[in-house]
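# Observations on chain architecture
So you can see what is in the structure, the chains are spelled out below.
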Amino acid sequence: MTAPTLSPATTVTLSEIVKVRRALPTAGRRQIGAWCFLDHFGPTDVAKTRGLRVGPHPHTGLQTVTWLLRGELLHRDSLGNVQAIEPGALNLMTAGRGISHAEESPTPHSPEIHGAQLWIALPDSVRNMAPAFEHHARVPMVRPGSLRVSVLLGELFGERSPAKVHTPLVGASIDVPAGSIATIPVRPDFEYGVIVTYGRAEIAGQRLIPGGLVYLGPGRTGLPIVTGAGDAGLILIGGEPLAEYVLMWWNFVARTKPELAQASRDWNAGAEYLGDVAGYDGPRLEAPMPPWA
Ligand code: MN
């Protein structure tokens, strides 16, 4: 068992209004299990704005996971799904060989938005599968001791999410009240990452505030969590280390650089397999060409 490591997130701007903490990938770490992307956005005051608006853009080779702590988002995709999401619900979009979607704050919307979007790399065996979208109005919730655990994907504390994934992994959102001393049971064959969405907490001895990620390598059976005077929120991700070399460019996940360049070209040329999003009031995003193309 290796010592836990703490890495800072990078800050990126999404939709000009909402600041995002990107905990994965960072310079030091590209994946945790099949998880290859973790954006934590907000809480942001969007009361006097149109809120979050991300125009039509494509994905390949991955699944996107959307989870909100506050506010709402409206998802539209090229399969024809138009789905609002609120706290407690889960959106899981499987890009497979290609899909496109847009995300926006509905009108009207709550004064604040706070949430996370995560990506899971699809294993090579299914990464060219047909695209799909799942909305789960509620995910399993369990209250071990003082904790409140929403199981987004996989299994934790004996509760299993109905959402479909393609490699052994787990994702959970955990509310930890002030003054808690708890242990999350984990699998020794998984590696894990934890971020704090609000408040502060100590994870396996590492102090964590929003903007950092604690990485825990395989070999553990429990994850000690301690909070002080205030409540804290965590997102836990974990999985079997993926034995595949995954490459990312923009919104695409693939295995080779030429594939990524081709996907960018295809989107900008309007290729049919990446789909078309109806009903979004704004321009579609243009794919930047990779420097090697
Ligand atoms: Mn997207």
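Quick caveat, the model's predicted, so the values are computed rather than measured.

Here Leu38 lies in strand 4 (residues 35-45). For the pair Leu38 and Val65, spaced 27 residues apart in sequence, the C-alpha separation works out to 9.4 Å. For Leu38, the contacting residues outside a window of four places in its chain are Arg21, Arg22, Ala23, Leu24, Gln117, Leu118, Ile195, Leu213 and Ile237.

Attention now moves to the nonpolar core. One broad trend across soluble globular proteins is that nonpolar side chains are buried collectively. If you look at the biggest cluster of nonpolar residues, it comprises 36 residues, and the most contacted ones within it are Trp35, Leu38, Val65, Leu118, Leu153 and Ile237. Mapped onto this core, the elements with two or more residues apiece are strand 3 (18-24), strand 4, strand 6 (62-70), strand 9 (90-94), strand 11 (112-121), strand 14 (148-153), strand 22 (212-216) and strand 24 (232-239). With 5 residues, the top contributor of residues to this core is strand 11. Beyond its immediate chain neighbours, meaning those up to four positions away, Leu118 contacts Trp35, Phe37, Leu38, Gln63, Thr64, Val65, Ile235 and Ile237. Of all hydrophobic cores here, the second largest spans 27 residues; its members include Val142, Ile203, Leu208 and Leu236.

A few words on the sheet that holds strand 7 (residues 73-77). With antiparallel pairing, the 4 strands of this open sheet are ordered in space as 5-10-7-8. Of all the strands in the sheet, the pair left with one neighbour each is strand 5 (53-59) and strand 8 (82-85). For this sheet the average axis-to-axis angle between neighbouring strands, irrespective of direction, equals 20 degrees.

Right, let's get into the side chain of Thr60. You can see Thr60 is positioned in the loop between strand 5 and strand 6. We classify Thr60 as buried; its relative accessible area is 9%. Sequence-distant contacts of Thr60, that is, excluding residues within four places in its chain, are made with Ala95, Gly96, Arg97, Gly98, Asn251, Phe252, Val253 and Leu274.

Attention now goes to the pattern of salt bridges. Following the criterion strictly, the structure yields 12 salt bridges and no others. Note that Arg22 and Asp39 form a salt bridge whose closest N and O atoms lie 2.7 Å from each other. You can see Arg22 sitting in strand 3 and its partner Asp39 sitting in strand 4, a full 17 residues away along the chain. By relative accessible area, which is 22% here, Arg22 ends up partly exposed. For Asp39, a relative accessible area of 4% translates into the label buried.

Let's shift gears to the coordination of the manganese ion. Here the manganese ion is held by His57 (NE2), His59 (NE2) and His101 (NE2), and the distances to it run 2.1 to 2.2 Å. Ordering the donors of the manganese ion by residue number gives the pattern H-x1-H-x41-H. One end of the pair, His57, is in strand 5; the other, His101, is in strand 10 (residues 99-104), and 44 residues separate them in sequence. A relative accessible area of 3% means that His57 is categorised as buried. We classify His101 as buried; its relative accessible area is 1%.

Considering all chains together, one arrives at 4 aromatic pairs under this definition. Aromatic pair Phe190 and Tyr192: ring centres 6.0 Å apart, planes at 45 degrees, arrangement tilted. Comparing Phe190 with Tyr192 shows no difference in burial state: the two are buried. A centroid spacing of 5.7 Å and a plane angle of 70 degrees characterise the contact between Trp250 and Phe252, whose relative ring orientation is edge-to-face. The buried category is assigned to Phe252, whose relative accessible area is 0%. Stacked on the ring of Tyr215, the Lys or Arg Arg29 has its end atom at 3.4 Å from the ring centre. Over the ring of Trp267 we find Arg284; its NZ or CZ atom is 3.6 Å from the centre of that ring.

Let's shift gears to the sheet that holds strand 20 (residues 201-203). Read from one edge of the open sheet, 4 strands run 18-23-20-21, paired in antiparallel fashion. The sheet terminates laterally at strand 18 (181-185) and strand 21 (206-208), the two strands that pair on one side only. Neighbouring strand axes in the sheet, compared pairwise and without regard to direction, differ in orientation by 30 degrees on average. One ladder, built from 5 bridges, connects strand 18 with strand 23 (residues 222-226); its direction is antiparallel. Bridging across to strand 23, Pro185 finds its partner in Gly222.

Criteria and cut-off values
Residues numbered from 1 in each chain as written. Predicted model: local features only at pLDDT ≥ 70, side-chain atom pairs only at ≥ 80, totals over all residues. Heavy atoms only, no water. Helix = DSSP H or I, 4+ residues; strand = E, 2+ residues; numbered from the N terminus. Contact = heavy atoms within 4.5 Å. Core = buried A, V, L, I, M, F, W, Y, C linked by side-chain atoms within 4.5 Å. Buried < 20%, exposed > 50% of the residue type's maximum accessible area, 1.4 Å probe, protein only. Pairing = 2+ DSSP bridges. Axes fitted to C-alpha atoms, helices over the stretch in contact; angles between N-to-C directions. Salt bridge = Lys/Arg side-chain N within 4 Å of Asp/Glu carboxyl O. Donors = N, O, S within 2.8 Å, 3.2 Å for Na, K, Ca; no water. Phe/Tyr/Trp six-rings, centres within 6.5 Å; stacked < 30°, edge-to-face > 60°. Lys NZ or Arg CZ within 6 Å of the ring centre and 35° of its normal.

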